[in-house]
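# Structural characterization, general
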Amino acid sequence: MYALVDCNNFYVSCERVFAPQLEGRPVVVLSNNDGCLISRSQEAKDLGLKMGEPYHLVRPLLEQHRVQVFSSNYALYGDMSRRVVQVLSGLAAGVDVYSIDEAFLDVSGMKLLEPDLLAYGQRVHETLKKHTGIPTCVGIAPTKTLAKLANRLAPKTGPVRTVTLATAADWEPALAQVPVGSIWGVGRRYARKLTDMGIGTGLELARLPEHWLRRHLGGVVGQRLWRELHGQPCLEWNPAEWDDDQLQPNTASRHSVTCTRSFGRPQHQEAVLAEAVATFATRAAEKLRRYGQAAHLVTVLLGTDRFAPTAGPKTHTAVISLPTSTNDTGMLIKAALQGLRQLRRPGVAYHRAGVLFTGLEPEGQAQLGLFSGSAADQQRSQQLMQAMDGLNARFGRQLVRSAAMGVAKNVDGLLQKPVWGGRAAHRSPRYTTGWDELWQLR
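A brief structural summary. Not measured: the values here are computed from a predicted model. (Residues numbered from 1 in each chain as written. Predicted model: local features only at pLDDT ≥ 70, side-chain atom pairs only at ≥ 80, totals over all residues. Heavy atoms only, no water.)

Membership of the largest hydrophobic core comes to 36 residues, with the highest contact counts inside it found for Phe-263, Val-277, Phe-280, Val-298, Val-355 and Phe-357. Broken down by secondary-structure element, the contributors of at least two residues to this core are β11 (257–267), α13 (270–291), β12 (293–303), β13 (315–326), α14 (329–343) and β14 (350–358). Apart from residues lying up to four places away in sequence, Phe-280 is in contact with Cys-259, Arg-261, Phe-263, Ala-353, Gly-354, Val-355 and Trp-420. The next biggest cluster of nonpolar side chains, apart from the first, holds 35 residues, and it includes Cys-14, Val-27, Leu-76 and Val-138. (Core = buried A, V, L, I, M, F, W, Y, C linked by side-chain atoms within 4.5 Å. Buried < 20%, exposed > 50% of the residue type's maximum accessible area, 1.4 Å probe, protein only. Helix = DSSP H or I, 4+ residues; strand = E, 2+ residues; numbered from the N terminus. Contact = heavy atoms within 4.5 Å.)

Rendered as structure tokens:
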């Protein structure tokens, strides 16, 4: 038995935790660079605001209805997500983090302690609200797919925020309520195909023979979907792990690590682009070490204006192969800057850049090359990275960093964002992760 816990309008809810006066008011959160709407309160949805709408197009409507606008604050959202998962880990035998705002709970043995699963779901909702301030909905069912369905049907408001689909008598009427395209695992292409074949609801799909889904919906993928819709768990379980009170991501299926950003305004100077690429390589390297992995390949990308009328590709990439896999920030920055030099064209304005690490393998198991550093060199590198990560974790992110990232400018006691930094005119403080931005009560 699984429970899917979904945080309602997560980014908006995180902002409201520290601005409770916004309860009941329309609120939206913008994407990187203040580009488009990526999170909306229910009040904003009721105004007709759509997910992904460009900010500059809906700005008059936002101003007309006095909608509170926030730039994305991923430091805050990531930390609030960690807190949610930490609370959930004390409420179930296992937690499988699906996304920043969703997690599956293993409640197989909860019937012995909590016979009423509906009451258990309510307790999960109330405990999270009490300890984190984040409102949630809970769906409980024998499989992940049915738990997704139950969560979809759970009320977003009111005292009861849980739906339980424990038996076929529960989930068949629920499947009849939703279009086939809303079933988890049925993508847009398959939804169109099924609709053209006269299959309109989830129940109609579930009542087809198992061999039919295997034949028409991608072989074993369709077969798994059929079994999930009949209460037979088939999807893998990837439990989250905690180490020293920190959530450790499950890396079993991770094949790449990336960091990409759009610039606040187009950039053409090599020095500015080099600082940006070095920063992205540094952040991706931190992820590598957090996941306990090392990379063989470094891919650098530069993007021009995707809406420009000129012909040709808008994104250009260069791949640098490393002689030995590594997660050393200095080595990865060196490779990334080598890729930048291959890509950059003088006089061309670039709108975005990024770094992608692939060819991942567990750290500490790299095969040494004939002309690469010795095992002692690798050990010194690991010790240096551990010391740097430890200092940054204790005293603040990027306290110790590579000179290639540029020198942070301090004006009136505040660090100024880099020249290439994205627009974030409405960002709230990083209440839980920045000492200089702690929540102040007056």
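The next thing to look at is a nonpolar patch on the surface. Nonpolar side chains collect at one region of the surface, where Leu-391, Phe-395, Leu-399 and Val-400 lie side by side and expose about 360 Å² of accessible area between them. Looking at the element boundaries, Leu-399 is found in the loop between α15 (375–395) and β16 (410–411). (Patch = residues over 30% accessible without salt bridge, like charges linked within 9 Å, V, L, I, M, F, W, Y side chains within 5 Å. Areas by Shrake-Rupley, 256 points an atom, 1.4 Å probe, with all protein chains shown as cover. Salt bridge = Lys/Arg side-chain N within 4 Å of Asp/Glu carboxyl O.)

Turning next to the environment of Ala-276. On the secondary structure map, Ala-276 appears in helix α13. Using a relative accessible area of 0% as the deciding quantity, one classes Ala-276 as buried. Residues Ala-276 and Arg-152 lie 124 residues apart in sequence; the distance between their C-alpha atoms is 40 Å. Every residue in contact with Ala-276, bar those within four places of it in the chain, is listed here: Phe-263 and Trp-420.

Taken together, the three strands give an open sheet; going across it, the order is β3-β2-β4, and neighbouring strands pair in mixed fashion. Across the chains shown, the open sheet's two edge strands, defined by having one partner strand only, are β3 (37–40) and β4 (68–70). Going from strand to strand, the sheet's axes swing by 25 degrees on average, the running direction of each strand aside. With three bridges joining them, strand β2 (residues 27–30) and β4 adopt parallel strand pairing. Bridge pairing in β4 places Val-28 opposite Val-69. The strands touched by helix α1 (residues 10–17) within the sheet are β2, β3 and β4, with β2 carrying the most contacts at an inclination of about 115 degrees. (Pairing = 2+ DSSP bridges. Axes fitted to C-alpha atoms, helices over the stretch in contact; angles between N-to-C directions.)

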